[in-house]
Amino acid sequence: RGIHIVLALIVFYFGWRIYRELREDNCIQAFCKLRRLQEATYNGYCRCISCGALVRWDECDGGHWLSRRYRGTEIEHDNVWPQCRQCNRHGGQEAHNQYSIELEKKIGKNRIAVLEAMKVVYIKRDYRELTGRFLVMGKKIRKEKGFEV
């Protein structure tokens, strides 16, 4: 109940657009966390798709091959892979090129073509419902792999 009052105040003071963006960002964060958990080994490490470094699942990013500005692919499974923070935030074109090479090895040219086609698609989503689903799935994976819950 208290959270509804806070959300109502956000909407009142900042407008619906800001509230919607917060909801979308929470959903994307939950999805990126889920993808890192899915790719983590049972000892809790992921391999950066760009440089190959081993990084703990909770110390890396969910790197997007296609930018998050493409709404059709921002929470698409094939578009988000674990990436060390250095590569994701400061790697530039070299990190993206290596990401592309590794992505092709993982999913193949056909699925990359599907991602490319999805760039132009606008998909209306219920971000609140998706966030809940991603959080539940992430908790299940953490429990299965023996990570703290």
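Preceding block: the structure.
Each helix and strand in the chain was counted, giving 5 helices and 4 strands. In the chain, the succession of α and β elements from N to C terminus is α-α-β-β-β-β-α-α-α. Considering the chain as a whole, with its 149 residues, one finds that 38% of them fall into the buried category. Contacts in the chain between residues far apart in sequence, at least 24 positions, make up 68% of those at least 6 positions apart.

Glancing now at the side chain of Thr-131. Among the secondary structure elements, Thr-131 is positioned in helix 5 (residues 127–145). Engagement of the side chain of Thr-131 in a polar contact is seen with the backbone oxygen of Tyr-127, the distance being 2.7 Å.

Turning next to the pattern of salt bridges. Overall, the coordinates contain 10 salt bridges when judged by the stated rule. The residue Asp-58 makes a salt bridge to Arg-56 at a minimum N-O spacing of 3.2 Å. Classification of Arg-56 by relative accessible area gives partly exposed; the value is 23%. Linking Glu-74 and Arg-71 is a salt bridge whose minimum nitrogen-to-oxygen distance equals 3.1 Å. Under the relative-accessibility criterion, Glu-74 is labelled buried at 0%. Taking relative accessible area as the criterion, Arg-71 reaches 27% and is therefore assigned partly exposed.

Below, the discussion takes up helix 5. Here helix 5 contains 19 residues, and its C-alpha end-to-end distance of 26 Å stays within 8% of the 27 Å for a straight helix at 1.5 Å per residue. Taken as a whole, helix 5 has its buried residues at Tyr-127, Leu-130, Thr-131, Phe-134, Gly-138, Ile-141, Arg-142 and Lys-145. Across the axial projection of helix 5, the buried residues extend over an arc of 105 degrees, all falling on one side. With respect to the buried face of helix 5, the exposed residues turned more than 90 degrees away are Arg-128, Val-136, Lys-140 and Lys-143. Immediately downstream of helix 5, the backbone of Gly-146 shows phi near 80 degrees, a positive value.

The subject of this paragraph is the pairing of strand 3 (residues 61–64). Here strand 3 shows no split at all, with Asp-61 and Gly-63 on one side and Gly-62 and His-64 on the other all buried. Note: strand 3 against strand 4 (residues 80–83), 4 bridges, orientation antiparallel. Among the inter-strand pairings, Gly-62 is bridged to a residue of strand 4, identified as Pro-82.

What follows is about the environment of Ala-117. Position of Ala-117 relative to the elements: it lies in helix 4 (residues 92–118). Taking the C-alpha atoms as reference points, Ala-117 and Thr-73, separated by 44 residues in sequence, lie 9.6 Å from one another.

Basis of the calculations
Residues numbered from 1 in each chain as written. Predicted model: local features only at pLDDT ≥ 70, side-chain atom pairs only at ≥ 80, totals over all residues. Heavy atoms only, no water. Helix = DSSP H or I, 4+ residues; strand = E, 2+ residues; numbered from the N terminus. Buried < 20%, exposed > 50% of the residue type's maximum accessible area, 1.4 Å probe, protein only. Contact = heavy atoms within 4.5 Å. Polar contact = N/O pair within 3.5 Å; in protein donor to acceptor, adjacent residues only side chain to side chain. Salt bridge = Lys/Arg side-chain N within 4 Å of Asp/Glu carboxyl O. Expected span 1.5 Å × (residues − 1). Arc of directions from axis to C-beta. Pairing = 2+ DSSP bridges.

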